[in-house]
Amino acid sequence: MRRFLKKYSTVIFGMMLVAISFDLIIYPMGIVTGGTNGLSIIINKLFGISASLFIQIFYVAMLLLSFIVLGLRKTKNFILGSILYPVFVELFQNITHIIKLDYKDAMLMYLVAAVILGIGEGLIFKHDYACGGTDILKKIISDKFHIQMGKCVFAIDVLIVVMGGFIFGIREVMYAIIILYVSSTITDKVILGISSKKMFYIMTNKPQEVKECIVKELNTGVTELGVLGGYTLEKQKIIMCVISTREYLKLEAKVNEIDPNSFFVITDTYHMYHGSE
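Rules and cut-offs
- Residues numbered from 1 in each chain as written.
- Predicted model: local features only at pLDDT ≥ 70, side-chain atom pairs only at ≥ 80, totals over all residues.
- Heavy atoms only, no water.
- Helix = DSSP H or I, 4+ residues; strand = E, 2+ residues; numbered from the N terminus.
- Rg over C-alpha atoms; globule rule 2.2 N^0.38 Å.
- Buried < 20%, exposed > 50% of the residue type's maximum accessible area, 1.4 Å probe, protein only.
- Areas by Shrake-Rupley, 256 points an atom, 1.4 Å probe, with all protein chains shown as cover.
- Lys, Arg positive; Asp, Glu negative; His and termini not counted.
- Charge placed at Lys NZ, Arg CZ, Asp CG, Glu CD.
- Patch = residues over 30% accessible without salt bridge, like charges linked within 9 Å, V, L, I, M, F, W, Y side chains within 5 Å.
- Salt bridge = Lys/Arg side-chain N within 4 Å of Asp/Glu carboxyl O.
- Disulfide = S-S within 2.5 Å.
- Pairing = 2+ DSSP bridges.
- Axes fitted to C-alpha atoms, helices over the stretch in contact; angles between N-to-C directions.
- Contact = heavy atoms within 4.5 Å.
- Parallel < 35°, antiparallel > 145°, perpendicular 65-115°, else oblique.
- Nonpolar A, V, L, I, M, F, W, Y, C, P; charged D, E, K, R; others polar.
- Phe/Tyr/Trp six-rings, centres within 6.5 Å; stacked < 30°, edge-to-face > 60°.
- Polar contact = N/O pair within 3.5 Å; in protein donor to acceptor, adjacent residues only side chain to side chain.

Trainee: Would you take a moment to explain the overall build of the protein chain for this structure?
Mentor: Across its full length, the protein chain holds 10 helices and 4 strands. Of the regular secondary structure in the protein chain, the N- to C-terminal order runs α-α-α-α-α-α-α-α-β-α-β-β-α-β. Computed over C-alpha atoms, the radius of gyration of the protein chain comes to 24 Å, more than 25% over the 19 Å expected from 2.2 N^0.38 for 277 residues, which places it beyond the range of a compact globule. Expressed along its principal axes, the backbone C-alpha trace of the protein chain runs to roughly 70 × 45 × 45 Å. Of all 277 residues assigned to the protein chain, the portion counted as buried reaches 40%. With an accessible surface of roughly 16200 Å², the protein chain has 63% of that area assigned to carbon and sulfur atoms. One way to put it: in the protein chain the 27 positive side-chain charges average out to a point 6 Å from where the 22 negative ones average out.

Written out as structure tokens, the structure is:
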């Protein structure tokens with residue numbers, strides 16, 4: 001029950017943050033950032049329909065379309081967002097009367113919006129949920145036309161941003177790109193976490209010296225992996241170890257000092273688990 005409550009409270013809080021970023025900054029400043037939010041700003045500009053009302057109608061329509069086209073199983077993770085997100089947008093639509101911001105400092109406002117949006121979406125996506133709206137449309141196109149989901153997301157969001165550019169100007173498109181880039185980066189960080197460790201894969205002609213250096217000087221364990229060279233077909237060994245990010249340059253320098261001809265690959269490491277966990 002505790003895990004259940006934590007999961008859904010996190011998702012709901014994420015939806016609240018996305019709605020707040022829209023009502024507090026994105027909508028007042030007229031930035032078309034893609035998705036249903038961007039589409040609602042375009043519709044408001046062209047036809048005078050309030051963004052909140054359009055979002056409510058569009059979300060309900062997309063949810064019904066998903067039931068018809070995709071069925072209940074593929075629609076269930078859209079239900080919560082399709083119901084709650086429009087409610088939050090309506091609930092916070094007068095938030096600018098409570099929180100007074102200086103919209104003249106445009107770049108600061110865009111960065112704040114991107115951070116709030118990125119955190120909110122990260123909390124939602126981390127639990128495999130979505131707000132609905134154009135997310136459903138992307139899923140339908142992906143499933144029915146056998147197009148990769150990433151390409152559908154990119155194509156639809158770019159189309160909406162470009163439409164916004166024709167209406168609001170190229171300057172606003174540039175700002176929208178900044179928001180999308182920063183928010184997507186933060187979303188990834190929320191989902192994956194911030195990497196505090198690096199994983200080294202080291203191929204060297206002096207494996208014993210490298211292992212001793214890692215164990216004695218960096219006080220960490222190592223693992224040897226047996227590999228087969230793809231070109232030479234020779235059996236070799238790769239030394240694998242995980243170290244803290246602050247030790248990164250130290251290990252790199254030590255390995256190069258021991259064997260200048262060594263070859264290694266370094267990757268970010270987000271989680272480490274032991275078998276008992």
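Trainee: Teacher, can you tell me more about a nonpolar patch on the surface here?
Mentor: Side chains of Leu-46, Phe-47, Ile-49, Leu-53 and Ile-57 sit close together on the surface and give an oily, nonpolar patch of about 490 Å² of accessible area. Secondary-structure assignment places Phe-47 in helix H2 (residues 35-47).

Trainee: Looking at this structure, I do not really get the pattern of salt bridges. What am I missing?
Mentor: Once their charged atoms are close, side chains differing in charge can pair, the charge on each being opposite to the other. Under the counting rule described, the total for this entry stands at 9 salt bridges. Of the charged contacts, one joins Lys-237 and Glu-224 as a salt bridge, the two residues approaching to 3.3 Å between their closest N and O atoms. Taken together, the residues Lys-237 in strand S3 (residues 235-244) and Glu-224 in strand S2 (residues 223-228) connect sequence positions 13 residues apart. Within the structure, one salt-bridge network assembled from shared partners comprises Lys-74, Lys-139 and Asp-143.

Trainee: I would appreciate a short explanation of unusual backbone geometry in the present structure.
Mentor: For residues other than glycine, phi is negative in most cases, and the peptide bonds are mostly trans. The phi dihedral of His-146 is positive, around 55°, even though this residue is not glycine. Note that His-146 resides in the loop between helix H6 (134-145) and helix H7 (149-168). Here Asn-219, not a glycine, exhibits a phi torsion of approximately 55°, which is positive. Along the polypeptide, Asn-219 turns up in the loop between helix H9 (207-217) and S2.

Trainee: It is not clear to me how the environment of Ala-106 should be interpreted in this structure. Could you clarify?
Mentor: Here Ala-106 lies in helix H5 (residues 106-125). Among the residues examined, Ala-106 registers a relative accessible area of 15% and is labelled buried. In the structure, Ala-106 is positioned 80 residues away from Ile-186 in sequence and 20 Å away in space, judged by C-alpha atoms.

Trainee: What is the right way to look at the state of the cysteines in this model?
Mentor: Each disulfide consists of a covalent bond between the sulfur atoms of two cysteine residues. This structure, assessed with the given rule, holds 0 disulfides. Among the cysteines around Cys-241, which has no disulfide bond, Cys-213 carries the closest sulfur, lying 9.5 Å off.

Trainee: Explanation requested: the sheet that holds strand S4 (residues 263-269) in the structure shown.
Mentor: Consider a sheet: its strands pair through backbone hydrogen bonds, and that pairing is either parallel or antiparallel. With antiparallel pairing, the 4 strands of this open sheet are ordered in space as S2-S3-S1-S4. The open sheet has two edge strands, S2 and S4, and neither has a second partner. When the angles between neighbouring strand axes are averaged without regard to direction, this sheet yields 25°. The sheet contacts of H9 involve strand S1 (197-203), S2 and S3, and relative to S3 the element is tilted by about 15°. Seen against the sheet, helix H10 (residues 248-258) touches S1, S3 and S4 and runs at an angle of roughly 10° to S1.

Trainee: Where do I start with the packing of helix H3 (residues 51-69) against helix H4 (residues 72-91) in this structure?
Mentor: Helix packing geometry: the angle between the two helix axes and the distance between the axes. Where H3 contacts H4, the axes come no closer than 9 Å and their chain directions differ by 170°. Comparing their axes, H4 and H3 come out roughly antiparallel. In this structure, H3 contributes Ser-52, Ile-55, Gln-56, Tyr-59, Leu-63, Ser-66 and Phe-67 to the contact, and H4 contributes Leu-72, Thr-75, Phe-78, Ile-79, Gly-81, Ser-82, Tyr-85, Pro-86, Val-89 and Glu-90. Looking at side-chain class alone, the contact of H3 with H4 contains 10 nonpolar, 6 polar and 1 charged residues.

Trainee: I keep staring at the packing of aromatic side chains and nothing clicks. Help me out?
Mentor: Any aromatic ring pair is given by two values, namely how distant the centres are and how the planes are angled relative to each other. Summed over the entire model, instances satisfying the criterion amount to 9 aromatic pairs. Taken together, a centroid distance of 4.3 Å and an interplanar angle of 45° make the contact between Tyr-110 and Tyr-175 tilted. Of this pair, Tyr-110 sits in helix H5 while Tyr-175 sits in helix H8 (residues 170-192), and the two are 65 residues apart along the sequence. Judged by its relative accessible area of 14%, Tyr-175 falls in the buried class. Taken together, the ring pairs connect Phe-4, Tyr-8 and Tyr-129 into an aromatic cluster.

Trainee: Help me understand the side chain of Asn-37, please; the structure alone is not making it clear to me.
Mentor: Tracing the backbone shows Asn-37 in helix H2. Residue classification places Asn-37 among the buried positions, given a relative accessible area of 11%. In terms of polar contacts, Asn-37 uses its side chain to reach the side chain of Tyr-85, at 2.9 Å. Not counting residues within four places of it along the chain, the set of residues in contact with Asn-37 comprises Val-18, Phe-22, Ile-55 and Tyr-85.

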